[in-house]
Amino acid sequence: MANLKEIRNRISSVSSTMQITSAMKMVSAAKLKKAQDAITAMRPYAEKLTELLQNLSATLDGNTGGAFAEQREVHKVLIVAITSNRGLCGAFNSNVIKEVKSRTEFYKGKTVDIFAIGKKGNDVLKKTNKVVENQSAIFDQLTFENVADVAQVLMDKFVAGEYDKIELVYNHFKNAATQVVKTEQFLPLAPISGGEEISSDYIFEPSKEEIVLTLIPKSLKTQLYKAVRDSFASEHGARMTAMHKATDNATALRNQLKLTYNKARQAAITGEILEIVGGAEALNS
């Protein structure tokens, strides 16, 4: 059994760790509220806009505004991996990395490149895959304008023919305790399966082509912003949950160490009493 000093040092160390994890949990909880409000507010708008424009672009030819909906034979794929810049958030980053590697295997035989958003994903994936760009600085100031610049880069790569397909892999925020890894096609715009075409009763002013030229780029930027915001909220939810579990584990370990310490102290006191009694008996004999 460890001596009393060693046990006291361990109790002190565990208590310090518990204070840190508890503080990190509270910080993540505060940030989560703001991030959750942001994603829940914009998600219905972004999804409906994407749905309408996918349906509209499906009625156009693969030129002019319909360039973003042009279906080409897939030879080159770009996977956008959205992770975080920091760890201590459970399996948040590893789940995305695992899904990215799974998608890479799915496209085996084709050229697959990685576009990393987040330092953690970049650090791991660059060891086994070709990471063409890393945009980890985007989380330093997460605004629509900054994300729109990244979306424009992706759109330019697709239109220029550098890639035939672009996918997003990120954590979808379900609730504070649950994040679901989601793979979403970014380009080309895919028509909604089983969806109904836009009714011919609608009168488009200006023309469909002009509407697509104006709104589809905005829709794509909104789609990427939604995915990054989704991932950002999921990160804080995952970190809050991870730090909550770490605090509970530290509390249980501290309680166990205190019990061990009390037993060791009691054993030491009992030993000292036995020595005193033994000495007294020896003097009386």
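What this report covers is the structure whose coordinates are included nearby. The model shown is predicted, which means the values in this text are computed figures rather than measured ones.

Calculation criteria
Residues numbered from 1 in each chain as written. Predicted model: local features only at pLDDT ≥ 70, side-chain atom pairs only at ≥ 80, totals over all residues. Heavy atoms only, no water. Helix = DSSP H or I, 4+ residues; strand = E, 2+ residues; numbered from the N terminus. Buried < 20%, exposed > 50% of the residue type's maximum accessible area, 1.4 Å probe, protein only. Contact = heavy atoms within 4.5 Å. Axes fitted to C-alpha atoms, helices over the stretch in contact; angles between N-to-C directions. Left-handed = near helix turned anticlockwise from the far one by under 90°. Nonpolar A, V, L, I, M, F, W, Y, C, P; charged D, E, K, R; others polar. Phe/Tyr/Trp six-rings, centres within 6.5 Å; stacked < 30°, edge-to-face > 60°. Lys NZ or Arg CZ within 6 Å of the ring centre and 35° of its normal.

**Overview of the side chain of H236**
Phase 1: Mapping H236 onto the fold places it in helix α5 (residues 208-284).
Phase 2: Take H236: its relative accessible area is 2%, and that puts it in the buried class.
Phase 3: Filtering out sequence-adjacent residues up to four positions away, H236 remains in contact with S28, K31, L32 and A35.

**Some words on the packing of helix α4 (residues 144-159) against α5**
Phase 1: Two elements in contact, α4 and α5, have axes whose closest approach is 8 Å; the angle formed by their N-to-C orientations is 115 degrees. Of the two elements, α4 crosses α5, and the hand of that crossing is right-handed. Two secondary-structure elements touch here, α4 through F144, V147, A148, V150, A151, Q152, L154 and M155 and α5 through P217, L220, K221, T222, L224, Y225 and V228.
Phase 2: Within the contact of α4 with α5, the residues separate by chemical class into 12 nonpolar, two polar and one charged.

**Details of the packing of aromatic side chains**
One pair of aromatic rings is described through two measures. These are the centre distance and the angle between the planes.
Phase 1: Applying the stated rule across the entire model yields three aromatic pairs.
Phase 2: Taking the centre distance of 6.2 Å and the plane angle of 15 degrees together, the rings of F139 and F232 count as stacked. With F139 in the loop between β3 (131-134) and α4 and F232 in helix α5, the pair connects residues that are 93 residues apart, well separated along the chain. Across this residue pair, the class does not change: F139 and F232 are buried.
Phase 3: Taken together, a centroid distance of 5.5 Å and an interplanar angle of 85 degrees make the contact between F144 and Y225 edge-to-face. Separated by 81 residues along the polypeptide, F144 in helix α4 and Y225 in helix α5 bring together distant segments of the chain.
Phase 4: In this structure F144 comes out as partly exposed when scored by relative accessible area, which is 32%.
Phase 5: Taking the relative accessible area as the measure of exposure, Y225 reaches 13% and is therefore buried.
Phase 6: Directly above the ring of F106 sits R103, whose terminal nitrogen or CZ lies 4.6 Å from the centroid.

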